[in-house]
Amino acid sequence: MSEHPNTSAPQHLSAAACPHCRSIAPLHICALVTVLALWSVDGAAGEGSQGPVRAEHAHATLQAMRAPLPPVIDGRLSDEVWSLARPAASFTQRDPDEGKPASERTEVRVLYDDDALYVCARLFDSQPALISRRLSKRDDSSDADQVTIYLDPLLDHLTGVSLRVSASGVQRDSTISNDTFEDSTWDAVWQSAVSIDEEGWSAEVRIPLSQLRFKVAEQQTWGINVERYIRRKNETTWLEFVPKQEAGLASRMAHIDGFDGFRPKTHVQALPYTAARTEFVRPRPGDPFNDGSRGFGAAGVDVKWGITSTFTLDGTINPDFGQVEVDPAVVNLSAFETFFQEKRPFFLEGSQIFNNFGSNGANSNWGFNTSDPQIFYSRRIGRSPQLQASGDFVDPPTATTILGAAKLTGKTPSGWSVGLVNAVTDREFASTATGSVRGESEVEPLTNYFVARVQRDVGRRGGLGVMTTAVTRSLRTPALGNTLSDNADIVGGDGYWFLSDKREWVVNGKLAVSRISGSTAAITRAQRASQRYYQRPDASHVSLDPNRKALAGFAGRTNLNRNSGLWQVNASLWGVSPGFESNDLGFMGTSDRAGGHVVFLRRYVTPDRFTRSKTWWVAKSWTWNFNQQMQSDAVQGQASFTFLNYWYFNGGGNWFARTQDDRQTRGGPSMVSPSGNFWNLNGGTDSRRWLSLQGYVSGFSNEAGSWNRNVGMTVNLKPSPMLTISTGPQLTRSLTIAQYVRTVADATAVDTYGERDVFGSLDQTQLSMTTRVNAILTPKVSLQVYMQPLLAVGRYSSFRELARPRTFDFRYYGSPGTLLGYDAASQTFTADPDDVGPAAPFTFRNPDFNFKSLRVNTVFRWELRPGSAFYAVWTRQQQDQAYPGDFTLGRDAGALFSAPGDDVFLVKIAYWIGR
């Protein structure tokens, strides 16, 4: 696989001029016209269009009845209207005794009216006193008896929703995509109630039709399935049974008829909010911007409009995109960005339509050292400003203000899935003070972000899709223009095809092209970035061009997967060209990579003398760059066991061959990546018990002498149905023989292309103890505490430089013919590569570190009514960096907990208006 960078590029998407800036407010006419055309085609298809028929399995059929009066949702099933519906009661075990009848009887009935769907479940139990009613926070996995309702209102056998209620009344909901993928970030507004009596327990659910997407038709058939879980028996039973060796969720539901005269209504929902935040942040002496405390207030509204029964438009004015959870502390010594998960509700809901690019059809997607760029990473919107202002004192904004955002998502009856997002972020300024001079520096430009996704089901066996993203910036200052691209566009297509009507084997894939444009300084910066390192002196397939004003590339992947069966296979080929760039609105680590793998997996789902189930797999993987140099070559395997007592154990390892590493010198010549191995063991006890344990140990070593050991344990305590505590230490010890320190330009370094790539041996210790306490007072009221103390200490030694490209040979500073000195006052090393020779000495700071961090996050949540909530949040962060390179547990732990910190208090109330 090869590429000539920038020989072709997608046409730049047009933008409409506004009175203030020509580069903002892109119309993306093609994308919008496409959506409108799809809509008009579906309208012409008629109300009775059923869309693609996908399933070939025989399904049980239920009958829904129209309710003359809505039942009262109190969990008691005392309303006479329930007698109109015939119960469905044929449930089959999936666990622990697959295929056998359920050990306890379950009856399910379904009613509807013009506003809602009603489902009741009568869950008989021969020992009602043993029904588990442990509380949990909404959307958390509930360690209690529970019942889950699965719905496929579009009957496309690909999408749907699930709604779960536990015997303690805790709700969990999620969307279903790609047949088997569930996304619990969806928060629907629905009602439920439960009750327990001498015969078992009961659950009643009311699901407003405004929360579901379904087609317009006088007579409708939906997909439905019901799952019951009995905790003390670890028993899972299903209304529509799917054997373990087969696959399917949306495609394997029972059918429910009887929806006659079912007419969706246009609905509008609003979620206004108000929030107040107070910060107590330690000031530096003389800081004119911080006296130690400051307060902020905000108000806004999110609006959801059901344009049709299958399309929803979300809009927001002055959105609240704050997080109530903090990101974990990390120590990142690599050249690549750390990925953090999205936690903001506006972007989470409906995100599966964007996140499934290239992965549809397959129920598993494996990867080994895979560079698989993410085209849309929503945390780019509202990101921290990308420029840093200079001055004696600087007051930078912590995030970019989102002026407004809108999102359109939905699926037409004939199988077109559509998702559009557009957001505008404001200019951000950092206040500066140097001496008596005050100033302002623009650190983030006015920016428009646009994402469009269209996907079409093709018959019973396939699908095709298109996705595009665009970032348009207004760069008013030279600093911004020299740093950021003014336009960044990506266009890609994806698809999948099942090789037979059984939908057992599937091939899927994707291909995307990118183009960024800007000033020569900005594009030079992109060429030199860690994703590609065009300045590599020995890379004949790329070259640094300081006159470029654009950069383009492609990324693609194709996969073969067996979705079901006891023997499964996954194979993949992929590539990311040197010029591909998605980090403006996506996330990518490394370009200039291609690779492949093949995986063979064997499952055992029938219990034997010792285990309930077990799995093993083996894999072979390769990675190379576009200069056809091998970058990784590995064999790996894993085995896992679940024992009869529900304890589990996993173990595995891999071996990797000696290859080249063209990134270790961070823009310098390629060097050897030594061969080595990695192994891991982990296990745990039955998580249903009041006390359960989890533990792991892993190790790594290579032929150069580098090694790593990790050990950790988690203790889970459930002292009462209202309280859960999870805590445990994690310890890492490692020695990295060649950790990159810096690069020094030196024309006398002829062997290494006029530069000296400096390395050191890094001895590192990291100790943390993550603790979570969940106090669930009622299903509507919870208090959560998260605490993460972290100690990370690294000591460097044996400083040296790479002697020759494509080797692991070094010249050590301080050895005969070289000098190495250290000034403790300035904490600076001075190295002279050839003592009295022509090479000039150079200096570098002592890279030793001792990072001590404590993060505490406490969240009180009260669900006032369905969809409405009150939050009170306290966050504390404290750090200390004394004694770099010296790890002393008692001293460092004491300094960690006594270090001064910053506190943030937040209160927020959001009130849902709708029906």
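Residues numbered from 1 in each chain as written. Predicted model: local features only at pLDDT ≥ 70, side-chain atom pairs only at ≥ 80, totals over all residues. Heavy atoms only, no water.

### Thoughts on the overall build of the chain
Within the chain, the regular secondary structure consists of 6 helices and 47 strands. Expected size for 915 residues packed as a compact globule is a radius of gyration near 29 Å; at 30 Å, the chain falls within 12% of this value. Taken over the C-alpha atoms alone, the chain extends approximately 100 × 70 × 60 Å along its principal axes. Buried positions account for 53% of the 915 residues belonging to the chain. Residue pairs at least 24 apart in sequence account for 66% of intrachain contacts in the chain once pairs closer than 6 positions are excluded. Carbon and sulfur atoms make up 56% of the accessible area of the chain, which amounts to about 38800 Å² in all. For the chain, the distance from the average position of its 92 positive side-chain charges to the average position of its 92 negative side-chain charges is 2 Å. (Helix = DSSP H or I, 4+ residues; strand = E, 2+ residues; numbered from the N terminus. Rg over C-alpha atoms; globule rule 2.2 N^0.38 Å. Buried < 20%, exposed > 50% of the residue type's maximum accessible area, 1.4 Å probe, protein only. Contact = heavy atoms within 4.5 Å. Areas by Shrake-Rupley, 256 points an atom, 1.4 Å probe, with all protein chains shown as cover. Lys, Arg positive; Asp, Glu negative; His and termini not counted. Charge placed at Lys NZ, Arg CZ, Asp CG, Glu CD.)

### A word on the sheet that holds strand S18 (residues 393–395)
Through backbone hydrogen bonds, the strands of a sheet pair up, either in parallel or in antiparallel fashion. Taken in spatial order, the 3 strands make up an open sheet running S18-S21-S22, and their pairing is antiparallel. A single partner strand is all that each edge strand has here, and the edge strands are S18 and strand S22 (437–444). Between one strand axis and the next, the sheet turns by 25° as a mean value, whatever way the strands run. (Pairing = 2+ DSSP bridges. Axes fitted to C-alpha atoms, helices over the stretch in contact; angles between N-to-C directions.)

### Regarding the packing of aromatic side chains
Throughout the structure, instances matching the rule amount to 26 aromatic pairs. Taking the centre distance of 5.1 Å and the plane angle of 65° together, the rings of Tyr112 and Phe259 count as edge-to-face. Remark: Phe259 occurs in strand S14 (residues 254–260) and Tyr112 occurs in strand S4 (residues 106–112); sequence separation between them is 147 residues. With respect to burial, Tyr112 and Phe259 carry one shared label: buried. An angle of 80° between the planes, with centres 6.0 Å apart, marks the rings of Tyr740 and Phe759 as edge-to-face. Pair noted here: Tyr740 is in strand S38 (residues 723–745) and Phe759 is in strand S39 (residues 755–778), with a separation of 19 residues, a long-range link. On the basis of relative accessibility, which here comes to 0%, the residue Phe759 falls in the buried class. One aromatic cluster in this structure is built from Tyr796, Phe799, Tyr813, Tyr822, Phe829, Phe842 and Phe844. (Phe/Tyr/Trp six-rings, centres within 6.5 Å; stacked < 30°, edge-to-face > 60°.)

### Considerations on the nonpolar core
Judged by nonpolar contacts, the single largest core of 38 residues is most densely connected at Leu117, Val147, Leu151, Trp201, Trp222, Ile256 and Phe259. Elements represented by at least two residues in this core include exactly S4, strand S5 (116–124), strand S6 (146–152), strand S7 (160–166), strand S11 (200–208), strand S12 (219–230) and S14. The next biggest cluster of nonpolar side chains, apart from the first, holds 32 residues, and it includes Ala405, Val421, Ala512 and Phe580. (Core = buried A, V, L, I, M, F, W, Y, C linked by side-chain atoms within 4.5 Å.)

### What to know about the pairing of strand S36 (residues 691–702)
Pairing geometry for strand S35 (residues 676–684) and S36, over 9 bridges, is antiparallel. Each residue of the ladder has a partner; that of Asn677, found in S36, is Ser701. Hairpin connection of S35 to S36: 6 residues between the antiparallel strands. Pairing of S36 with strand S37 (residues 707–720), which is carried by 11 bridges, proceeds in the antiparallel orientation. Residue Ser701 lies in a different strand from S37, and its bridge partner there is Trp707. Taken together, S36 and the strand that follows it, S37, pair antiparallel across an intervening segment of 4 residues, in which Gly705 is found at a positive phi of about 110°.

### Remarks on the pattern of salt bridges
Under the defined criterion, the tally for this structure stands at 51 salt bridges. Across the salt bridge formed by Glu104 and Arg232, the nearest N and O atoms sit 3.8 Å from each other. Residue Glu104 is found in the loop between strand S3 (92–95) and S4, and its partner Arg232 is found in the loop between S12 and strand S13 (235–238); the two are separated by 128 residues along the sequence. With a relative accessible area of 8%, Glu104 lands in the buried category. Overall, Arg232 belongs to the partly exposed group, its relative accessible area being 24%. Arg109 serves as the salt-bridge partner of Glu107, at 3.6 Å between the closest nitrogen and oxygen. (Salt bridge = Lys/Arg side-chain N within 4 Å of Asp/Glu carboxyl O.)

### Details of the confidence of the model for the chain
The pLDDT averaged across the chain works out to 88; a share of 91% of its residues lies at or above 70. Contacts for the low-pLDDT stretch residues 1–56, under 50 throughout, to residues beyond four places or in other chains number 111 contacts. Scored below 50 in pLDDT, residues 323–336 shows 48 contacts in the model against residues more than four places distant or in partner chains. (pLDDT = per-residue confidence, 0-100.)

### Concerning the pairing of S7
Most of S7 sits out of view: 7 of its 7 residues are buried. Side chains Gly160, Ser162, Arg164 and Ser166 of S7 all project onto a buried face; the interleaved residues Val161, Leu163 and Val165 project onto the opposite face, where all are buried too. Of the strand pairs in this sheet, S7 and strand S8 (residues 171–177) are connected by 6 bridges, and their pairing is antiparallel. Its bridge partner lying in S8, Ser162 is registered against Ser174. Between the end of S7 and the start of S8, which pair antiparallel, lie 4 residues, with Gly169 showing a positive phi angle near 90°.

### Here's the deal with the environment of Gly439
With respect to the helices and strands, Gly439 occurs in strand S22. On a C-alpha basis, the gap between Gly439 and Gly391 in space is 9.1 Å, while along the polypeptide they are 48 residues apart. Leave out the neighbours within four places in its chain, and Gly439 touches Ala430, Ser431 and Thr432.

### Some words on the sheet that holds strand S2 (residues 65–66)
Ordered by their spatial adjacency, 5 strands build an open sheet running S2-S4-S5-S11-S10, and the pairing between neighbours is mixed. Every other strand in the sheet has two partners, leaving S2 and strand S10 (191–197) as the edge strands with one partner each.

### Notes on the environment of Ala250
With respect to the helices and strands, Ala250 occurs in the loop between S13 and S14. Once the C-alpha coordinates of Ala250 and Gly160 are considered, the two residues, 90 residues apart in sequence, prove to be 6.5 Å apart.

### Some words on the environment of Tyr911
Inspection of the secondary structure puts Tyr911 in the segment after strand S47 (901–910). Sequence separation between Tyr911 and Gln739 is 172 residues; the distance between their C-alpha atoms is 52 Å.

### Points about unusual backbone geometry
Along the chain, Asp95 connects to Pro96 via a cis peptide bond; the corresponding omega equals 0°. Its place among the elements puts Pro96 in the loop between S3 and S4. Unusually for a residue other than glycine, Asp179 sits at a positive phi of about 75°. Locating Asp179 in the fold gives a position in the loop between S8 and strand S9 (181–183). Residues other than glycine seldom take positive phi values, yet Arg806 does so here, at roughly 65°. Here Arg806 is to be found in the loop between strand S40 (781–802) and strand S41 (810–812). Since its relative accessible area comes to 43%, Arg806 is described here as partly exposed.

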